[in-house]
Amino acid sequence: MSDTFYGSDFDALSAFDPEIASVLTGELDRLRGGLQLIASENLSSPEVLTALGSTLSNKYAEGYPGRRYYGGCSEVDKAESLAIERAKALFGADHANVQPHSGASANQAVYGAFLKPGETILAMSLPHGGHLTHGTKVSFSGKWFDAVHYGVDKDTEDIDYDEVERLAKEHRPKVLLAGGSAIPRTIDFARFRAIADEVGAIFWVDAAHFIGLVAGQAIESPVPHADVVSFTTHKVLRGPRSGAIVCREEHAAAIDKAVFPMMQGGPQMHTIAAKAVNFKECATPEYAAYTRQVIANAKVLAQALGEHGIRPTTGGTDTHLSLHDLQGVHVTGVDAEARSDAAGITLNKNAIPFDPQKPNIASGIRVGTPCVTTQGMGEDEMRTIARLIARAVTEGDADPQHAVSREVRAEVTELVQAFPAYPRPA
Ligand SMILES: *Cc1c(COP(=O)(O)O)cnc(C)c1O
């Protein structure tokens, strides 16, 4: 029998706070009852969730292992040292900082380490697949830094490397940034490195989306090419909701100082312990096989949606996600998202490159396979999912009581019962 104080005691919570307990059970029912195709989500393991729900949450540990501003850090020091060593080994990196609270916090620290307010970064534009923290006007990154943006080529819909080079020579950015949230193709890191070297820029990769595929060695790693790589730990990687940074030895001190004390206060030691558990999981052959299946599934899903008239941009994907153009079926992104939702399929509307619609309407959807692959689904199930999405999007309705919503939802229920999220103990 385990001591309940190691982790969560759901019975005690439901006795004390039935309202919040019912949110927890309701969310578990939602995860079990539908298809999760949000490309940035995954289903972390019970082991990761146990570390997250532990007493390590109580501990103040400002500083780094062996150099803390508080007493009583001997146990949490072990957790952070394990997380650091495992991250370095997993990614073959000189240095790792596992304290960022999220992907956005990790990015904030990278800005803090390398840039003064008003200096220039060159990054992918948000409407072409970048991220809010890559210099958009509504973010600190666009308010405090001078951001220049590259996009994708109109024909290939993939990164326009010639434009990256031209803009780099014209603007001489302090930092050249690669990565984003809606890039279906792998990135040519060597080409970016060469451009950065040509103009004397720091080369930063924001690998938030695809770092899990790197951990499983299913795609090329940016680590040998980049000065610094920031990432989230909760997307394909499948760890706790958090962030991390790996970098070259020469930048180690700057990154550590930028995370703490420049940007953050006390680290979340429970989350750091959960990151350590996750990095151990990611070093297994099972996880590597999982990442290969994530990509195989994404390729089939993208192609099958295309066969239903829902065209994948760039013609497909090399990663865990694909971006689809709905103009051929005359449906907007916002309607596709609502109709899918009514049928038990969670996905998101997304701008496509050169989108004629406003971002809150959008002409596209983004789908990803991390969750359904964690549930054990394979290529046959992807063809079924493509057919269900196509039916919901083209014939369905935002009303869950509409006949098509109900019919698709019945098939979704059958599929998720065969491949359950968080299977109940037998
Ligand atoms: C998800 C994401 C982030 C932000 O991560 P949060 O944990 O949500 O702050 C940053 N950059 C990219 C490219 C992302 O995809």
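These lines cover the structure that appears in this document, whether it is placed above or below. Not measured: the values here are computed from a predicted model.

## Some words on empty space enclosed by the protein
At step 1: Overall, the coordinates contain 1 cavity of 30 Å³ or more when judged by the stated rule.
At step 2: What lines the largest cavity is a set of 13 residues, and nearest its centre among them are His128, Val152, Glu157, Ala182 and Pro184.
At step 3: Taken together, the residues of the lining of the largest cavity sort by class into 8 nonpolar, 3 polar and 2 charged.

## A closer look at the sheet that holds strand E10 (residues 243-247)
At step 1: Within the open sheet, the 7 strands sit side by side as E4-E10-E9-E8-E7-E5-E6. Their pairing is mixed. Bordering the open sheet on either side are strand E4 (95-97) and strand E6 (146-150), each of which pairs with just one other strand. Each strand of the sheet is rotated relative to its neighbour by a mean of 20°, with strand direction disregarded.
At step 2: In this structure, E4 lies alongside E10, joined through 3 bridges in antiparallel fashion. Within E10, the residue paired with Asn97 across the bridge is Ile245.
At step 3: Relative to the sheet, helix H4 (residues 74-91) contacts E4, strand E9 (228-232) and E10, its axis offset from that of E4 by approximately 130°.
At step 4: Packed onto the sheet, helix H10 (residues 252-263) meets E4, E9 and E10 and runs at close to 5° relative to E4.

## Some words on the layout of surface pockets
At step 1: Each pocket or cavity is described by its volume, and for the second largest pocket that value is around 520 Å³.
At step 2: Contributing to the lining of the second largest pocket are 21 residues, with Leu126, Gly130, Ser181, Asn350 and Ala351 lying nearest its centre.
At step 3: It is strand E14 (residues 348-350) that contributes the most residues to the lining of the second largest pocket, 3 residues altogether.
At step 4: Split by residue class, the lining of the second largest pocket holds 8 nonpolar, 9 polar and 4 charged.
At step 5: Lining the lining of the second largest pocket are residues from two domains, each supplying at least three of them: domain 1 (52-282) and domain 2 (291-418).

## Structural notes on the side chain of His209
At step 1: Positionally, His209 belongs in the loop between strand E8 (202-206) and helix H9 (211-215).
At step 2: A distance of 3.2 Å separates the side chain of His209 from the side chain of Arg366, its partner in a polar contact.

## Examining the packing of aromatic side chains
At step 1: Under the counting rule described, the total for this entry stands at 12 aromatic pairs.
At step 2: Ring centres of Tyr69 and Phe260 lie 5.8 Å apart, and the angle between their planes is 65°; this geometry places the pair in the edge-to-face category. With Tyr69 in the loop between strand E3 (67-68) and H4 and Phe260 in helix H10, this residue pair connects regions lying 191 residues apart in the sequence.
At step 3: Overall, the relative accessible area of 10% leaves Phe260 in the buried class.
At step 4: Centre to centre, the rings of Tyr287 and Tyr290 are 5.6 Å apart; their planes meet at 45°, and the pair counts as tilted. Here Tyr287 pairs with Tyr290, and both are found in helix H12 (residues 285-307), just 3 residues apart, close to one helical turn.
At step 5: Members of the aromatic cluster, each reached through a chain of ring pairs, are Tyr111, Phe140, Trp144, Phe145 and Trp204.

## A few points about the nonpolar core
At step 1: Grouped together as the largest cluster of nonpolar side chains are 57 residues, with contacts concentrated most on Phe91, Tyr150, Phe192 and Phe231.
At step 2: Considering every element that reaches this core, the biggest residue donor is H4, with 6 residues.
At step 3: In this structure Phe192 touches Tyr150, Ile159, Tyr161, Val164, Leu176, Leu177, Ala178, Ile187 and Phe203, once residues within four positions along its chain are discounted.
At step 4: Core analysis: the second largest hydrophobic core is formed by 32 residues, Leu301, Ala304, Ile345 and Leu388 among them.

## Thoughts on a nonpolar patch on the surface
At step 1: Together, Phe10, Ile20, Val23 and Leu24 give the surface a local cluster of nonpolar side chains, amounting to about 340 Å² of exposed area.
At step 2: The element best represented in the nonpolar patch is helix H2 (residues 18-33), accounting for 3 residues.
At step 3: Residue placement: Ile20 occurs in helix H2.

The rules behind the values
- Residues numbered from 1 in each chain as written.
- Predicted model: local features only at pLDDT ≥ 70, side-chain atom pairs only at ≥ 80, totals over all residues.
- Heavy atoms only, no water.
- 1 Å grid on protein atoms, 1.4 Å probe; cavity = no way out; pocket = protein on both sides within 12 Å on 5 of 7 lines; lining within 4 Å.
- Points joined across faces, edges and corners; volume = space filled by probe spheres on them.
- Nonpolar A, V, L, I, M, F, W, Y, C, P; charged D, E, K, R; others polar.
- Pairing = 2+ DSSP bridges.
- Helix = DSSP H or I, 4+ residues; strand = E, 2+ residues; numbered from the N terminus.
- Axes fitted to C-alpha atoms, helices over the stretch in contact; angles between N-to-C directions.
- Contact = heavy atoms within 4.5 Å.
- Domains from an automatic or database assignment.
- Polar contact = N/O pair within 3.5 Å; in protein donor to acceptor, adjacent residues only side chain to side chain.
- Phe/Tyr/Trp six-rings, centres within 6.5 Å; stacked < 30°, edge-to-face > 60°.
- Buried < 20%, exposed > 50% of the residue type's maximum accessible area, 1.4 Å probe, protein only.
- Core = buried A, V, L, I, M, F, W, Y, C linked by side-chain atoms within 4.5 Å.
- Patch = residues over 30% accessible without salt bridge, like charges linked within 9 Å, V, L, I, M, F, W, Y side chains within 5 Å.
- Areas by Shrake-Rupley, 256 points an atom, 1.4 Å probe, with all protein chains shown as cover.
- Salt bridge = Lys/Arg side-chain N within 4 Å of Asp/Glu carboxyl O.

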